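Okay, here's what each chain looks like letter by letter:
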Amino acid sequence: MKQRLVIVGSGMASGRMLEHLCADAPDLFDITLFGAEPHGNYNRIMLSPVLAGEETFGEIVTHDAAWYAARNISFRFGEAVTKIDRERKVIVSRNGETAYDKLVIATGSAPFILPVAGKDLRGVVAFRDLDDVETMLTAAAKPDAKAVVIGGGLLGLEAAAALKKRGMDVVLLHLMDHLMELQLDPPAARLLQNELEGRGIRVRCRAETKALLGHKRIEAVLLDDGTIYPADLVVMAAGIRPETRIATDAGLHVERGVLVDDRMQTSDSDIFAVGECAEHDSRCYGFVEPLYEMAAVAAQSLAGIEARFRPLKFATNLKVTGVHVFSAGDFMGGTDCERILYSDPSLGVYKKLVLRGDKLAGAVLFGDTADGQWYLELIRAQTSVAATRNNLAFGRALAMRKAA
Ligand SMILES: Cc1cc2nc3c(=O)[nH]c(=O)nc-3n(C[C@H](O)[C@H](O)[C@H](O)COP(=O)(O)OP(=O)(O)OC[C@H]3O[C@@H](n4cnc5c(N)ncnc54)[C@H](O)[C@@H]3O)c2cc1C
């Protein structure tokens, strides 16, 4: 008899894991997949282009009902798992209990909602799923509608740019000194801010939200310095937290995320975790590249194939059409680092390469990101760049030709 595999969470990590599992060990398990969202699996990172009107939802669906049916996977969309009973090896959902031999937790993250007055008013949304996008689109359809986006990280910027494109009047508020401070240095962030302001988005850094004002519906955002921004829509893009509730309640070892070893196994040997909800080696991830690695390792572990998760350095790209931003590795660098800077303000191009000894430690690119992948390879490989150093900032083609 086949073993029963239950998966909690129908998102990007579990979707990729199922692809691997169906390829590596198609007949090993009877698989049941639970997803809290009411539809099949989609490419969540493409919600930004959907919001901007550059893609449709249908175009970003990765695994629909037919995909699961073709692989004999029972899918339970719109059915959240509320409890794991490890003693009896069952999970609980609204339709009762489902037994498992192996369980995978792939519940992703929950958006962080600022704990301010008014956070529950209608018209206040996060930017995490299709429902959020639909709420934003409804707000954007009203004439002269005003949006305030809280959070100047990747998601906030993508939301602000998309809503502006949809015709809203947009204010972007960010708590820190400059935009995308986790990925960009101040000069690159300044260029980015100029670009957004050039599109008509009002950007305010060092903006601390004190309260959201309104009667039932959002009407305005109040900052701690007394400034008030009228709003028909507020998008909270102030960070994410691993969604670990069912794991914690089940007594699994959870810190920031559900703790997993190199094989993606949790503190219970029959339960695995993948994706943003998992914590490996004291790190949780919020980007798909490492999560896809986790997904491959989890599938192999389930299939009895030896595999170990070894996270690589990865890069960040912003998905705002016409804005080219790239960041990877240690982009600030310490006192032991040398920085190569290239800047052409009239072209709106800025490049910073951070060298530690003769190796590339990090890179920030604005305006011209064509060589981002090459820099990422150099950061990952940690091979000497001494031969190309003098022309490194001019890109692969020129640097390699001069070095030859
Ligand atoms: C707008 C947007 C843009 C992004 N852009 C990028 C980008 O450009 N590059 C990048 O690398 N990353 C990007 N990300 C991040 C990326 O989407 C996530 O890292 C990735 O989706 C995480 O995959 P996951 O499977 O861990 O979680 P998710 O994809 O969130 O899937 C988790 C699923 O589990 C479900 N779930 C939760 N709890 C339960 C439960 N108890 N029972 C049943 N189901 C449950 C959730 O509803 C969800 O459907 C973006 C994210 C967003 C929102």
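Parameters at a glance
- Residues numbered from 1 in each chain as written.
- Predicted model: local features only at pLDDT ≥ 70, side-chain atom pairs only at ≥ 80, totals over all residues.
- Heavy atoms only, no water.
- Pairing = 2+ DSSP bridges.
- Helix = DSSP H or I, 4+ residues; strand = E, 2+ residues; numbered from the N terminus.
- Axes fitted to C-alpha atoms, helices over the stretch in contact; angles between N-to-C directions.
- Near = heavy atom within 4 Å.
- Polar contact = N/O pair within 3.5 Å; in protein donor to acceptor, adjacent residues only side chain to side chain.
- Areas by Shrake-Rupley, 256 points an atom, 1.4 Å probe, with all protein chains shown as cover.
- Nonpolar A, V, L, I, M, F, W, Y, C, P; charged D, E, K, R; others polar.
- Domains from an automatic or database assignment.
- Phe/Tyr/Trp six-rings, centres within 6.5 Å; stacked < 30°, edge-to-face > 60°.
- Buried < 20%, exposed > 50% of the residue type's maximum accessible area, 1.4 Å probe, protein only.
- Lys NZ or Arg CZ within 6 Å of the ring centre and 35° of its normal.
- Contact = heavy atoms within 4.5 Å.
- Buried area = accessible area lost by both parts, 1.4 Å probe.
- Salt bridge = Lys/Arg side-chain N within 4 Å of Asp/Glu carboxyl O.
- Core = buried A, V, L, I, M, F, W, Y, C linked by side-chain atoms within 4.5 Å.
- Parallel < 35°, antiparallel > 145°, perpendicular 65-115°, else oblique.
- Left-handed = near helix turned anticlockwise from the far one by under 90°.

Working definition: the strands of a sheet are paired by backbone hydrogen bonds and lie parallel or antiparallel to each other. Judged by pairing direction, the sheet is parallel, and its five strands sit side by side in the order β11-β18-β12-β13-β14 without closing on themselves. On the outer flanks of this sheet lie β11 (124-126) and β14 (202-204), each paired with one strand and no other. Averaged over all adjacent pairs, the angle separating strand axes in this sheet is 20°, with direction ignored. One ladder, built from four bridges, connects strand β12 (residues 146-150) with strand β18 (residues 233-236); its direction is parallel. From the neighbouring strand, V149 faces β18, where its bridge partner is V235.

Residues in contact with the ligand amount to 28 residues; listed here are only the nearest, A13, E37, R128, E276 and K319. The backbone of A13 places a nitrogen or oxygen atom 2.8 Å from an oxygen atom of the ligand. At a separation of 2.8 Å, an oxygen atom of the ligand approaches a polar backbone atom of V288. Coverage of the ligand by the protein amounts to 91% of the 1,000 Å² it exposes when considered alone. Elements supplying a minimum of two residues to the shell around the ligand: α1 (12-24), β2 (29-35) and α9 (288-302). A class-by-class count of the residues in the shell around the ligand yields 14 nonpolar, nine polar and five charged. Counting only domains with at least three residues in the shell around the ligand, you end up with domain 1 (3-110 + 240-302) and domain 2 (124-236).

With respect to topology, five strands assemble into an open sheet ordered β5-β2-β1-β9-β21, the strand pairing being parallel. Of all strands in the sheet, those bounded by a partner on one side alone are β5 (74-77) and β21 (271-273). Across the sheet, the axes of successive neighbouring strands diverge by a mean angle of 15°, strand direction being ignored. Pairing of strand β9 (residues 102-105) with β21 involves three bridges; the strand directions are parallel. When the sheet's bridge partners are listed, I105 is paired in β21 with A273.

Counted under the stated rule, the structure contains ten aromatic pairs. Note on W67 and Y68: the rings are 5.3 Å apart at their centroids and 85° apart in plane angle, and the pair reads as edge-to-face. The exposure class assigned to Y68 is buried, which follows from its relative accessible area of 0%. Three or more aromatic residues link up through ring pairs in this structure, and these residues are W67, Y68, F75 and F77. Geometry around F112 places R241 over its ring, the cationic atom sitting 4.3 Å from the centre. A cation sits over an aromatic face here: K351 above Y342, 5.6 Å from the ring centre.

The next subject is the domain arrangement of the chain. Segmentation of the chain into domains returns domain 1 (3-110 + 240-302), domain 2 (124-236) and domain 3 (324-403). Residue-level contacts link 17 residues of domain 1 with 15 residues of domain 2. With both chains or domains summed, domain 1 and domain 2 bury close to 1,400 Å², and 63% of this area falls on carbon and sulfur atoms. Here domain 1 and domain 2 share two salt bridges between them. When the shortest N-O distance is used, the salt bridge between R128 and E276 registers 2.9 Å. In terms of residue count, the dominant contributor to the side of domain 1 that touches domain 2 is helix α2 (residues 47-52) (five residues). Residues belonging to the side of domain 1 that touches domain 2 are distributed by class as follows: eight nonpolar, five polar and four charged.

Right, let's get into the nonpolar core. One finds M17, I84, M264 and V274 to be the most contacted residues of the largest nonpolar core, which totals 49 residues. Residue contributions to this core peak at seven residues, all from α9. Counting 46 residues, the second largest nonpolar core, distinct from the first, contains V50, M136, L172 and C205.

For D144, which is not a glycine, the phi torsion comes out positive at approximately 55°. Secondary-structure assignment places D144 in the loop between α5 (130-140) and β12. Given a relative accessible area of 70%, D144 falls into the exposed group. A positive phi is found at D281, a non-glycine position, where the angle reads about 50°. Accessibility expressed as a relative area gives 65% for D281, which makes it exposed.

Another point: the packing of α1 against α9. Interhelical geometry of α1 versus α9 gives an angle of 40° and a closest axis separation of 8 Å. If you check the angle between α1 and α9, you find them oblique. In this structure, the crossing between α1 and α9 has a hand that is right-handed. From α1, M12, A13, R16, M17, H20, L21 and D24 reach across to α9, where they touch V288, Y292, A295, A296, A298, A299, Q300 and L302.

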